[in-house]
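# A structural walkthrough
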Amino acid sequence: MAATDVDIFSNEEKRNLSLGGHVGFDSLPDQLVSKSVTQGFCFNILCVGETGIGKSTLMNTLFNTMFENEEASHYQNSVYLRPRTYDLQESNVHLKLTIVDTVGFGDQINKEDSYKPIVDYIDTQFENYLQEELKIKRSLFNYHDTRIHICLYFIAPTGHSLKSLDLVTMKKLDSKVNIIPIIAKADTISKSELHKFKIKIMSELVSNGVQIYQFPTDDDAVTEINASMNAHLPFAVVGSVDEVKVGNKTVRARQYPWGVVQVENESHCDFVKLREMLIRVNMEDLREQTHARHYELYRRCKLEEMGFKDTDPDSQPFSLQETYEAKRKEFLGDLQRKEEDMRQMFVSKVKETEAELKEKERELHDKFEQLKRLHQEEKRKVEEKRRDLEEEMNAFNRKKVAAETLSLAQPLKKDKDKRK
Amino acid sequence: MSYGERFVSEADRNSSIMGEQQKNLEGYVGFANLPNQVYRKSVKRGFEFTLMVVGESGLGKSTLINSLFLTDLYSPEYPGPSHRIKKTVQVEQSKVLVKEGGVQLLLTIVDTPGFGDAVDNSNCWQPVIDHIDSKFEDYLNSESRVNRRQMPDNRVHCCLYFIAPSGHGLKPLDIEFMKRLHEKVNIIPLIAKADTMTPEECQQFKKQIMREIQEHKIKIYEFPETDDEEEMKLVKKIKDRLPLAVVGSNTIIEVNGKRVRGRQYPWGVAEVENGDHCDFTILRNMLIRTHMQDLKDVTNNVHYENYRSRKLAAVTYNGVDNNKSKGQLTKSPLAQMEEERREHVSKMKKMEMEMEQVFEMKVKEKIQKLKDSEAELQRRHEQMKRNLEAQHRELEEKRRQHEDEKSHWEAQQRVLDQQKLEASKTLEKNKKKKIF
């Protein structure tokens, strides 16, 4: 490796050098760009809003195309997410666009869990990416990235304030995805009402600590326009795919008896601003933020949950290999311990039961010992009685014999007497 | 993943699970601006590139680098590798920051003073391999941290290998080095000091080298296939002239009123940037102007991934059954552990159930035995009791008999006694009578 003795070349100081001519690495950005164009881009939009608020229409209007969409019914039991992917091309740029619709949002009577399917979907996409990234044999460069880059939150044009469902949902989503709130069906609000509505919404978001996406102001080329657009949030949009003739032009608009609301007229609604910000200026930044901020946060939380750390108590950085090895040892040790524990439990259970049974056995034994002793006692008594009886019998027999012997002797005497 | 699979066709990627549809836009949307956004961001970020130069001393490496980048990277204050030879092969790097057209490039040049210069050059490639691996290791570690920040890319993106212009063929050291490094880094072999050979000699030499490279199955850097016909033509031209024969120079000479970089000889000037004199321009165009990004991509997607998968496979399957099929490698180690955990849980459940069963059975057995022995003892006790009772009764019977007999005999005796008494009384009477 690097020389151990002091050598100018072993320090990491960067020297600034000037070039004596055109070297040519200023083409590097072009090389990079042409690579990404060849690979194609992908962009994923999540539309969150009540049924019928105009999500599909807005998508059609934004991308100037009719995405197939059946109208959703109001009778869904719960919110579910419906992703659809389309291949679009504009000049030489290929875009793989995924639009995720939240079907049934806001329709249930109890909306406490409405946000959950949305959060789960976003997390699942992060998880899929993380799994791919952690694989041993992985192919990230042709992985179809499904992580949500932008969440368009559709606010109903009540003119008053945000609904509590809106606040709850946005609060749950703001750390996971870039949120741009938009006021849908803005053609139902007058200009003055709109102004008040926007202020109310923004102040509510701020007071509730909801972090919405801020258009970046650090790139000189777009600082100005982004800064001014930040002030127009939330965008009040109108969507339409119908064409109406206004003057001698045919524009996309909504025809009312009292006038024509032109979608691309900046004094009628903020549609153009939304399109400008979302697609033409900040699309790449949205992708970058998703990857560098939201995904990293998810990844960090997930890894910490699994017990991975960056440094051990002595502040020595772990190498991935060591971490995995340590994790693996821990894991295997854990499994073994569980097995051991279970065995131990069984052994002690067995011992316990054995002891119980032995106890019972002993009791039984004792009982029968006692009975046996009683029995012995009885037997002895019987024996005694028997002996007594035998003695008596013997005594009687002796007596009898004695008496008989006597009576035998007596008749002789009698005879003797008789003979005299 | 092999070199050939680098470029995935649009068609392949389109056939994904989600069922995509091709849509035609009916008006200008604006995402065609996306490349510009990417351009701007990349310029803002700046670029990095690490170039390694390897070759024996005196082959003109420092001069070539200076010529390539039109700057005094190597100078009297920062001498080239040939002036810094130590006892063992070193791997040293220097970083320079250069700017051009608003584009900032952090260029790291890695050189290897002492390479191939000793008498015994066995293993002189080892420090090089170690250096490359350690850069991969650093990147892997920073990529695997829980808290990740912008990761600096210090991996070696390209290795220029300088071949001495012997005119005959590759030296054993050349072959050995390239064989050991071709799967770790993009190798671009160069013929150094090409101005010592005539064009014909050069042609021969190149053919010989390419033959030997193919013979030893050395994988040098391959140019990517493109759909663009123009580009493909250029690429083919480059491929025909591999390995590139280069000349470098730190001096500028006036030739025909033009100021050019070149080497002044009594017989003329060898111009560095003259395509007829050497392949320097091709090298510069290829290395810097057209394929720099691709070199970085191949390093990232092929060489680094190879390193990473080898490293992680060794870790994950260390100590575990090594007969696992290759298909296991497509899982992340964490998913692997998750699956093993699930397997283990079900195994434990089974074990638990089995143990329970055995336990229950044994307990039943024991209880049964206990019951049986209790019954047995009970039976015996009953029997003994009955025995005893029988004896009792027998005894009672005997006693009764005896009593009967006794009373009967006693009754008899009493009768007899009575008779005797009467008899004796009569006798007495008779006796009394007789006496008279």
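Let me begin by describing the structure that accompanies this report.

Reading the values: the criteria
The written sequence of each chain sets the order in which its residues are numbered from 1. Think of it this way: whatever chain is written first is A, whatever ligand is written first is 1, and the rest follow in order. Residue-level local features of this predicted model are given only where pLDDT is at least 70; pairs of side-chain atoms are given and counted only at 80 or more, and the full residue set underlies all totals for whole chains, interfaces and linings. Hydrogens and water molecules were not included; the side-chain quantities draw on all heavy atoms of the structure. We count a stretch as a helix when DSSP gives it H or I for four or more residues in a row; a strand needs E for two or more, and each element gets its number in order from the N terminus. In this treatment the radius of gyration is a C-alpha quantity, and the globule benchmark scales as 2.2 Å times the residue count to the 0.38 power. Classification of residues uses two cut-offs on accessible area relative to the type maximum, computed with a 1.4 Å probe and protein chains only: under 20% is buried, over 50% is exposed, and between them is partly exposed. Note on areas: Shrake-Rupley with a 1.4 Å probe; residue coverage comes only from the protein chains shown. We score Asp and Glu as negative and Lys and Arg as positive, and we do not count His or the chain ends. A charged residue contributes its charge at one atom only: NZ of Lys, CZ of Arg, CG of Asp or CD of Glu. Salt bridge, as used here: a side-chain nitrogen of Lys or Arg that lies within 4 Å of a carboxyl oxygen of Asp or Glu. Strand pairing is assigned whenever DSSP identifies at least 2 bridges connecting the two strands. What makes two residues a contact is simply this: any of their non-hydrogen atoms within 4.5 Å. Lines are fitted to the C-alpha atoms to define the axes, a helix being fitted only along its stretch in contact, and any angle between axes, read from their N-to-C directions, falls within 0 to 180 degrees.

When you go through chain A residue by residue, the secondary structure sums to 9 helices and 10 strands. For 420 residues, the compact-globule estimate of 2.2 N^0.38 gives 22 Å, and chain A exceeds it by more than 25% at 48 Å. Along the first, second and third principal axes, the C-alpha atoms of chain A reach 190 × 80 × 40 Å. For chain A, buried positions account for 45% of its 420 residues. Summed over all atoms, the accessible surface of chain A reaches about 22500 Å², with 51% contributed by carbon and sulfur. Charged side chains in chain A number 64 positive and 72 negative. The centres of these two groups are separated by 13 Å.

Here the focus is the pattern of salt bridges. As enumerated under the stated definition, the model contains 60 salt bridges over all chains in all. Here K399 of chain A makes a salt bridge to E410 of chain B, at a shortest N to O gap of 3.7 Å. Taken together, the residues K399 of chain A in helix α9 (residues 320–419) and E410 of chain B in helix α10 (residues 333–435) connect one chain to another. Given the relative accessible area of 46%, K399 of chain A is considered partly exposed. Linking R180 of chain B and E176 of chain B is a salt bridge whose minimum nitrogen-to-oxygen distance equals 2.9 Å. Taken as a pair, R180 of chain B and E176 of chain B lie in helix α5 (residues 172–181) at a separation of 4 residues, close to a single helical turn. For E176 of chain B, a relative accessible area of 27% translates into the label partly exposed.

Across the sheet, which stays open at both edges, the 7 strands sit in the order β1(A)-β3(B)-β4(B)-β2(B)-β5(B)-β6(B)-β7(B) with mixed pairing between neighbours. The sheet terminates laterally at β1 (14–16) of chain A together with β7 (244–245) of chain B, the two strands that pair on one side only. Pairing between strand β2 (residues 47–54) of chain B and strand β4 (residues 103–111) of chain B: 7 bridges, direction parallel. Opposite E48 of chain B, over in β4 of chain B, you have L106 of chain B as the bridge partner. Running at roughly 155 degrees to β2 of chain B, helix α3 (residues 61–69) of chain B makes contact with β2, β4, β5 (158–163) and β6 (187–191) of chain B of the sheet.

Bringing the sheet that holds strand β10 (residues 259–262) of chain A into the picture now. All names here are of chain A. Taking strand neighbours across the sheet as the criterion, the 3 strands line up as β8-β9-β10 in an open arrangement whose pairing is antiparallel. The open sheet has two edge strands with one neighbour each: β8 (243–246) and β10. Sheet twist, expressed as the mean angle between neighbouring strand axes with direction ignored, is 65 degrees.

The subject of this paragraph is the environment of G247 of chain A. One can find G247 of chain A in the loop between β8 and β9 (249–256). Put simply, G247 of chain A and K116 of chain A are 131 residues apart on the chain and 48 Å apart in space, counted from C-alpha to C-alpha.

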